[in-house]
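# Analysis of the macromolecular model
Spelled out, the chains give:
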Amino acid sequence: MAIVLVLSGIVFSLAYFDVVDIPVISDIVNKEDSDDDDDASLEDLEDINLAEEVLNSSEVLETIDVADSTQTTTEKDTVELFSERGFDASHVTSSYTIDGTYYSEEVIDETSTTYHPIYSLMYVSDDGYYWYIYCIDGEFFAYPTTYVLNNMDQSYIYVSESEYIITYDSYTNTYNRLIPNDCTIKTVDEITADTLDELASKELSVS
């Protein structure tokens, strides 16, 4: 998953596909861990700049410590939530432990009571459009990958059930509810397979 809507640090509930891959920005370097700036690679520095740019260009509504959240879901609960919304939950994945440690992406277990801060699923709608669906702190968001790639001249767009999106910062192990200034948020009553199937590309247009 990849600019991962994290750096060891900032996982977004948004994602860029190649151009912006998914909700975590990638692993951000803790500059305090190095006595020499030369130890940080150019890629690390670019990731840090991108993370800062995203936060600085957004209206942050609330920051919550993952440990203090009452909405974070277990693998079992998450499978049920995706299934109730009409998605094939057998392919839902996670790649962060509840304390923010990154591990190779794995499919979650429908019987597990283990908690994770962020879950994701790639979904292909009836019209052949690819979507990334995210469950972050118990809330759902969708990123229309195919639409964005076909409309690079427009601002990025995310589908949400509220006016904001949630990003996950693994470096500080916090959730950020925010309204990004450089992308459009399309609100729907509920993110379900049927809802995404009905969202024709013209409805997503922000021009």
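Definitions and cut-offs
Residues numbered from 1 in each chain as written. Predicted model: local features only at pLDDT ≥ 70, side-chain atom pairs only at ≥ 80, totals over all residues. Heavy atoms only, no water. Helix = DSSP H or I, 4+ residues; strand = E, 2+ residues; numbered from the N terminus. Buried < 20%, exposed > 50% of the residue type's maximum accessible area, 1.4 Å probe, protein only. Areas by Shrake-Rupley, 256 points an atom, 1.4 Å probe, with all protein chains shown as cover. Salt bridge = Lys/Arg side-chain N within 4 Å of Asp/Glu carboxyl O. Core = buried A, V, L, I, M, F, W, Y, C linked by side-chain atoms within 4.5 Å. Contact = heavy atoms within 4.5 Å. Arc of directions from axis to C-beta. pLDDT = per-residue confidence, 0-100. Phe/Tyr/Trp six-rings, centres within 6.5 Å; stacked < 30°, edge-to-face > 60°.

### Concerning the overall build of the protein
When its secondary structure is counted, the protein shows 5 helices and 11 strands. Every one of the 207 residues in the protein was classed for burial, and the buried ones make up 53%. Approximately 10100 Å² of the protein is accessible, and the part contributed by carbon and sulfur atoms is 43%.

### A look at the pattern of salt bridges
For the coordinates displayed, the defined rule picks out 3 salt bridges. In this structure, Arg177 engages Asp137 in a salt bridge whose closest nitrogen and oxygen atoms are separated by 3.1 Å. In this pair, Arg177 sits in strand β10 (residues 174-180) while Asp137 sits in the loop between β6 (130-136) and β7 (139-143), placing the two residues 40 residues apart along the sequence. Assigned by exposure class, Arg177 and Asp137 land together as buried. Across the pair Arg177 and Glu139 runs a salt bridge whose closest N-O atoms are separated by 2.8 Å. Placement of the pair is Arg177 in strand β10 and Glu139 in strand β7, with a sequence separation of 38 residues. Residue class for Glu139 comes out buried when judged on its relative accessible area of 15%. Counted as one network, the salt bridges with shared partners bring together Asp137, Glu139 and Arg177.

### A word on the nonpolar core
Judged by nonpolar contacts, the single largest core of 43 residues is most densely connected at Phe82, Phe87, Trp131, Ile133, Val159, Ile191 and Leu196. Counting residues per element, this core draws most heavily on β6, which supplies 6 residues. Beyond its immediate stretch of four places on either side in the chain, Phe82 contacts Phe87, Ala89, Val92, Tyr119, Leu121, Ile133, Cys135 and Phe140.

### A few points about unusual backbone geometry
Phi is positive for Asp137, which is not a glycine, with a value near 55 degrees. Unlike most non-glycine residues, Asn173 shows phi in positive territory, near 55 degrees.

### Some words on helix α2 (residues 75-84)
Listing the buried residues of α2 in full gives Glu75, Thr78, Val79 and Phe82. All buried residues of α2 project into a common sector of 100 degrees when viewed along the axis, lining one side. Buried-residue contacts for α2 involve β5 (118-124), β6 and β7. Looking one or two places after α2, you find Gly86, whose phi comes out positive at around 90 degrees.

### A closer look at the confidence of the model for the protein
A residue-level look at the protein finds 70% of positions with pLDDT of 70 or above and a mean pLDDT of 77. Taken element by element, the predicted model of the protein shows its lowest mean pLDDT in strand β1 (residues 10-11) (36) and its highest in α2 (98). In the predicted structure, residues 1-35 sits below a pLDDT of 50 and forms 149 contacts with residues beyond four places in sequence or in another chain.

### Quick word on the side chain of Ser95
Structurally, Ser95 can be placed in strand β3 (residues 93-96). A residue is classified by how much of its surface remains accessible, and Ser95, at 13% relative accessible area, is buried. With sequence-adjacent residues up to four places away left out, Ser95 is seen in contact with Thr101, Tyr102, Tyr103 and Glu105.

### Things to note about the packing of aromatic side chains
What characterises a pair of aromatic rings is the spacing of the ring centres plus the angle enclosed by the ring planes. The final tally for this structure, using the stated rule, is 8 aromatic pairs. Between Tyr143 and Tyr158, the ring centres sit 5.0 Å apart and the planes meet at 35 degrees, which makes this aromatic pair tilted. In this pair, Tyr143 is assigned in strand β7 and Tyr158 in strand β8 (residues 156-160), connecting sequence segments 15 residues apart. Taken as a pair, Tyr143 and Tyr158 share a single burial class, namely buried. Among the aromatic residues, ring-to-ring pairing joins Phe82, Phe87, Tyr123 and Phe140 into one connected group.

### Some remarks on the environment of Ile185
Turning to its location among the elements, Ile185 is positioned in strand β11 (residues 183-187). Expressed as a C-alpha distance, the spacing of Ile185 and Phe141, which sit 44 residues apart in the sequence, is 9.9 Å. With sequence-adjacent residues up to four places away left out, Ile185 is seen in contact with Tyr158, Ser160, Ser162, Glu163, Tyr164, Ile165 and Pro180.

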